[in-house]
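Next come the chains, spelled out residue by residue.
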Amino acid sequence: MRAAVYDRYGAPEVVHIEERDEPGIGPDEVLVRVEATVVGASESAARSGRPWFARLYFGVGKPKFPVLGTDFAGIVERVGDRVGRFSPGDLVFGAVGTEFGAHAELVKVAEHHVIAHVPPGLDAAEAVSSIDGFLTALPFLRDVARVRAGQAVLVNGASGTVGSAAVQLAKHLGATVVGVCSAAHAPLVASLGADRVIDHTREDFTAVRGAYDVIFDAVGKRTFRQCRAALADDGIYLTTVPSAAILVQMPLTRLLRRRRRAAIAFTGLREETVKAGELALLVELLETGGLVPVIDRIVPFEDIVEAHRRVDGGHKAGSVVVALSPALRPTEAAS
C-alpha cells in the first residue's frame, strides 16, 4: 500500500509517499481502504516538531510515528472473525488513535473503538472532515465548561476545524454564541449559527468586561491573562494549545477556588471507548442536521505536502481533506 511518511522533523517537504506493508488484522479488527483523511494541527505539530514539547510525545530525536493521520473515511476491505457490526463494502469513518497511521491506503481499527457507519447522504470527504473538530470541541464545552442554555460562549478561531464545530455545539447546547474570525470567514461562521461574529482585525473581544461565561480559544492565540476581564464572575477560559502558563493556571485557579478559571483538556488521550461513544453522538447530529461538515479544500493524496502547507498557513476554514479515492474531486477553499 502507499503511505505518506516522514523520518525527520521539518517543513512540509519532509513528507513523501512510499510503499509500505499492508497491516494485518486480528479477530476483533476491521481493515478499511481509505478514501479520505485529514491534515490538521496535530499532524502539523508532529511533522514540524514544534512546539518543542511536542517531541516529548512524537519522539525526542526523530519521529517515532512515520505515518501520520488519525481520521479516516473509507470502505471496509475485510473484517476479523469476531467482528459483527461491519461487513466488507460498508462505508465507515473514524479515528485510529494516538499511534496515527491514517495517511495511508489501508488502516485497521478495533470494532468497538472509534469507527461507525457514515450517515446516509454524506460522502467520505464530508464524513472525515467532521471528526477532529467535534471530538475536540465536545469535551471542552460539554465536560470541562459544562455549557448550558442561557450562557454566553465566545469562540476564538471560529472558522477553523475545532472552532466551526464549537460554534455549532455551543448552539446545540443552548448557548448564545459569538464567533471571532477574519472578515472573509464571517459569512461562514454566521451560517453555522453564531449570534454575532467579530472581525478580529477590527475589534478586540477582550476589551469588554464580564461579557462571557465561556471563552474557548480554539486556536490558542489569546492567553487567560488577556481574556480574564472579559469573563463573567464565574466564567472559564479554555484553550486547545498547551503552554507552561496554562499548565500552572489550571490547577492554581481550581486550588485557590478562583471564580474565573482557566482550563485545558488533552482530548486525544481519552479512552478509545469514550471517543467511540462521542462518535455515535456525532453520527446522530450529522443525521439530524445538528452539525454540518466544513471543508476548507480537498487535496489529492499525491499533493499531501500542499495540505500541510495549507494548515501551516493558518488561514483555512474547516478541515483540509486529503483524497485517496479518485471519486473525490479536488477543490479550492470556498472563502
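This text goes with the structure placed above it.
Residues numbered from 1 in each chain as written. Predicted model: local features only at pLDDT ≥ 70, side-chain atom pairs only at ≥ 80, totals over all residues. Heavy atoms only, no water.

Caption draft 1: Spotlight on helix H10 (residues 304–313). Residues of H10 that are buried: Ile304, Val305, Ala307, His308, Arg310 and Val311. Those residues of H10 that are buried are in contact with strand E1 (2–5), strand E3 (29–39), helix H1 (41–48), strand E14 (295–300) and strand E15 (319–323). At the C-terminal side of H10, Gly314 shows a positive phi close to 75 degrees. (Buried < 20%, exposed > 50% of the residue type's maximum accessible area, 1.4 Å probe, protein only. Helix = DSSP H or I, 4+ residues; strand = E, 2+ residues; numbered from the N terminus. Contact = heavy atoms within 4.5 Å.)

Caption draft 2: Layout of unusual backbone geometry. Residue Pro51 follows Arg50 across a cis peptide bond; omega there is 0 degrees. At Phe100, a position not held by glycine, the phi torsion is positive, near 60 degrees. In this fold, Phe100 is placed in the loop between strand E5 (91–95) and strand E6 (106–110). The phi torsion at Arg146 lies on the positive side, around 55 degrees, for a residue other than glycine. Here Arg146 is to be found in the loop between helix H4 (131–144) and strand E8 (152–156). We classify Arg146 as exposed; its relative accessible area is 62%.

Caption draft 3: How the structure looks around a nonpolar patch on the surface. A contiguous nonpolar patch, built from Tyr57, Leu247, Phe266 and Leu269 and spanning about 390 Å² of accessible area, is present on the exposed surface. Among the residues examined, Leu269 registers a relative accessible area of 61% and is labelled exposed. (Patch = residues over 30% accessible without salt bridge, like charges linked within 9 Å, V, L, I, M, F, W, Y side chains within 5 Å. Areas by Shrake-Rupley, 256 points an atom, 1.4 Å probe, with all protein chains shown as cover. Salt bridge = Lys/Arg side-chain N within 4 Å of Asp/Glu carboxyl O.)

Caption draft 4: Main features of the nonpolar core. Within the largest apolar cluster, 71 residues are counted, with the highest numbers of intra-cluster contacts made by Phe93, Ile215, Phe216 and Leu238. It is H4 that provides the largest number of residues to this core, a total of seven residues. (Core = buried A, V, L, I, M, F, W, Y, C linked by side-chain atoms within 4.5 Å.)

Caption draft 5: Examining the sheet that holds strand E11 (residues 212–217) more closely. Taken together, six strands build an open sheet; the order of strands is E10-E9-E8-E11-E12-E13 and the sheet is parallel. The outermost strands of the open sheet, each flanked by one partner alone, are strand E10 (196–199) and strand E13 (261–264). Ignoring which end each strand starts from, the neighbouring axes of this sheet average 20 degrees apart. Bridge count between strand E12 (residues 231–239) and E13: four bridges; the pairing is parallel. Among the inter-strand pairings, Thr239 is bridged to a residue of E13, identified as Ile264. Of the strands in this sheet, E11, E12 and E13 are in contact with H4, which crosses E12 at around 155 degrees. The sheet contacts of helix H8 (residues 244–255) involve E12 and E13, and relative to E13 the element is tilted by about 125 degrees. (Pairing = 2+ DSSP bridges. Axes fitted to C-alpha atoms, helices over the stretch in contact; angles between N-to-C directions.)

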